[in-house]
Amino acid sequence: MIRRGKEKIQLRYSAPKGIHDILPPDISIWQKTEATAKELFQKYGYQEIRTPIIEHTDIFIRSIGENTDIVEKEMYTFSDRAGRSITLRPEGTASVVRAFIEHNLQNFTSPQKFYYTGPMFRYERPQKGRFRQFYQIGVEAFGERHPTMDAEIITMLCSFMKAIGLEGINFELNSIGCEKCRPDYKNALLLFFKDKLDNFCPDCQRRYSLNPLRILDCKVERCIALRHGSPLIPEHLCDDCSNHFEELKERLRILQMPYTLNPELVRGLDYYTKTTFEATSNHLGSQKAVAAGGRYDKLVEEFGGPATPAIGFAIGMERLITLLMEKTNLLSPVPDCFIATIGKEAELKGLLLAEQLREKGYHVEIHYGGASLKSQLRRADRMDSRFVLIIGDDELRSGKIKWKNLKNKEQGEIEIEDISSILKNNLERY
Ligand code: HAM
């Protein structure tokens, strides 16, 4: 609240639309999930990479594709003070590819495997599971074109879902071909859409001549209906792509990795070749993809790097956390011990004692001054502290401190040097 003359003005700030805070106790589930991902991905040889949140705009236009929704409508783009066009990253793959080439990472042993976590930015219409700032955990592997790599990465995603306790995730799989077979497929699409074109939305009419594949991921209802019965890409794969897909499926069967084939899975980014996949859940409403990815064998070359096949995926953290929340009862951390003090000398003693106990590994809360013993004990109770130490004048004189176990109500007095042993005993019994 501020005052201007006699007028009171209420100021109330909130985060921008579609952008949210992550608060305790929810943050604990984020931290655990990220830790599980890092531990698991390292077992498959992935190392962390940290790329900037901003990049030159061109990087996203060239990789994601000029006629995609992300590039056409969703990027946060601005000019920096020198007039360069800069964009807040809408996804992580383009930045990792740029870093891979910039630092000549192809010179190291192949395959090179990276994981990353962090915020991404897309100016989308916010709704359940769709935000303007959202977090991804992603992985990218460079330098291996064999389908065994595809099988490994998809299985790793599945193992991650299992490791965090998520069940009922469906793995959808497709192949969208390569530069050899895609022209044939595009022609088949052009032929199919030709007579219906006037009924499509203006965006799809434009996409028809620019990139008809993009019509396949338009979300407008009448376009979805008009697409019904359109040619499917697996029927148009060249021998190389078809063999790759068959070999991948064989490996997934051997790994007992359940999946469903989805011949309509084209993904909303232009850089994919061959394998595409999505992990979906029926508990997420319309934004059902909790993770998605695929191969992008041409992107490194298109960015000016050496011909390097690559594959990766990204997990949408908010959607993942929504699913985890359904089955987790989140609790705030509970202090092991609360130190209540009466008077300045005791307060200083308590301050020092708290530091000593924290060094021994305990979670200790203290009294910050001013309140009566009764209200300090009420605070300890509200925090659900397991144990209380009380220091006052008597305790300072005698060198003994009062303790109370707030769970079983046992209490007593103890020499200061024996505190950590009584704390240990009481916490172990609790
Ligand atoms: P994507 O499908 O655009 O792929 O995003 C991956 C995941 O991020 C989605 O499945 C979803 O869970 C989450 N996500 C996307 N947009 C939003 C949003 N607005 N709000 C909340 N969550 C969202 C990529 O980003 C590719 N870079 C994945 C990849 C890596 N492909 C190869 N390597």
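Residues numbered from 1 in each chain as written. Predicted model: local features only at pLDDT ≥ 70, side-chain atom pairs only at ≥ 80, totals over all residues. Heavy atoms only, no water.

Topic: the overall build of the chain
Thinking step 1. A count of helices and strands for the chain gives 15 helices and 18 strands.
Thinking step 2. Against the 2.2 N^0.38 benchmark of 22 Å for 430 residues, the chain shows a C-alpha radius of gyration of 29 Å, more extended than a compact globule.
Thinking step 3. Counting only C-alpha atoms, the chain reaches 95 × 65 × 40 Å along its principal axes.
Thinking step 4. When each of the 430 residues of the chain is scored for burial, the buried share is 48%.
Thinking step 5. Of the roughly 22600 Å² of accessible surface on the chain, a fraction of 49% belongs to carbon and sulfur atoms. (Helix = DSSP H or I, 4+ residues; strand = E, 2+ residues; numbered from the N terminus. Rg over C-alpha atoms; globule rule 2.2 N^0.38 Å. Buried < 20%, exposed > 50% of the residue type's maximum accessible area, 1.4 Å probe, protein only. Areas by Shrake-Rupley, 256 points an atom, 1.4 Å probe, with all protein chains shown as cover.)

Some points on the pattern of salt bridges
Think of it this way: side chains of opposite charge can pair up when their charged atoms draw near.
Thinking step 1. As enumerated under the stated definition, the model contains 27 salt bridges in all.
Thinking step 2. A salt bridge links Arg-386 to Asp-336; the nearest nitrogen and oxygen atoms lie 3.9 Å apart. With Arg-386 in the loop between α13 (373-382) and β16 (387-391) and Asp-336 in the loop between α11 (317-325) and β14 (337-341), this pair connects stretches of sequence that are 50 residues apart.
Thinking step 3. You can call Arg-386 partly exposed: its relative accessible area is 24%.
Thinking step 4. Given a relative accessible area of 13%, Asp-336 falls into the buried group.
Thinking step 5. Shared partners join several salt bridges into a network, and the residues in it are Asp-69, Glu-72, Lys-73, Asp-203, Arg-206 and Arg-207. (Salt bridge = Lys/Arg side-chain N within 4 Å of Asp/Glu carboxyl O.)

Let's talk about the pairing of strand β13 (residues 310-316)
Thinking step 1. In terms of burial, β13 is a largely internal element, seven of the seven residues being buried.
Thinking step 2. Residues Ala-310, Gly-312, Ala-314 and Gly-316 line one face of β13 and the alternating positions Ile-311, Phe-313 and Ile-315 line the opposite face, and both faces are buried.
Thinking step 3. Bridge analysis of strand β12 (residues 289-295) against β13 gives five bridges, and the strand direction is antiparallel. Residue pairing for β13: Gly-294 is matched across the bridge by Gly-312. (Pairing = 2+ DSSP bridges.)

Topic: the packing of helix α5 (residues 147-163) against helix α9 (residues 239-254)
Thinking step 1. Running from N to C, α5 and α9 cross one another at 45°; their axes reach a closest spacing of 8 Å. Classified by the angle their axes make, α5 and α9 are oblique. The way α5 lies across α9 gives a crossing that is right-handed. Facing Pro-147, Thr-148, Asp-150, Ala-151, Ile-154 and Thr-155 of α5, the residues of α9 in contact are His-244, Glu-247, Leu-248, Arg-251 and Leu-252.
Thinking step 2. Tallied by class, the residues present in the contact of α5 with α9 amount to five nonpolar, three polar and three charged. (Axes fitted to C-alpha atoms, helices over the stretch in contact; angles between N-to-C directions. Parallel < 35°, antiparallel > 145°, perpendicular 65-115°, else oblique. Left-handed = near helix turned anticlockwise from the far one by under 90°. Contact = heavy atoms within 4.5 Å. Nonpolar A, V, L, I, M, F, W, Y, C, P; charged D, E, K, R; others polar.)

A few points about the domain arrangement of the chain
When the parts come together, some accessible area is lost, and that loss is often what is quoted as the size of the interface.
Thinking step 1. One can read the domain layout of the chain as domain 1 (26-181 + 237-327) and domain 2 (337-425).
Thinking step 2. Between the C-alpha centres of domain 1 and domain 2 the distance comes to 50 Å. (Domains from an automatic or database assignment.)

Here we look at helix α12 (residues 344-359)
Thinking step 1. Here α12 contains 16 residues, and its C-alpha end-to-end distance of 23 Å stays within 8% of the 22 Å for a straight helix at 1.5 Å per residue.
Thinking step 2. Residues of α12 that are buried: Ala-346, Gly-350, Leu-353, Ala-354 and Leu-357. Here the buried residues of α12 occupy an arc of 110° about the axis, which is enough to place them on one side. Within α12, the exposed residues directed more than 90 degrees away from the buried face are Lys-344, Glu-345, Leu-352 and Glu-359.
Thinking step 3. Just downstream of α12, Gly-361 is the residue with a positive phi angle, here 105°. (Expected span 1.5 Å × (residues − 1). Arc of directions from axis to C-beta.)

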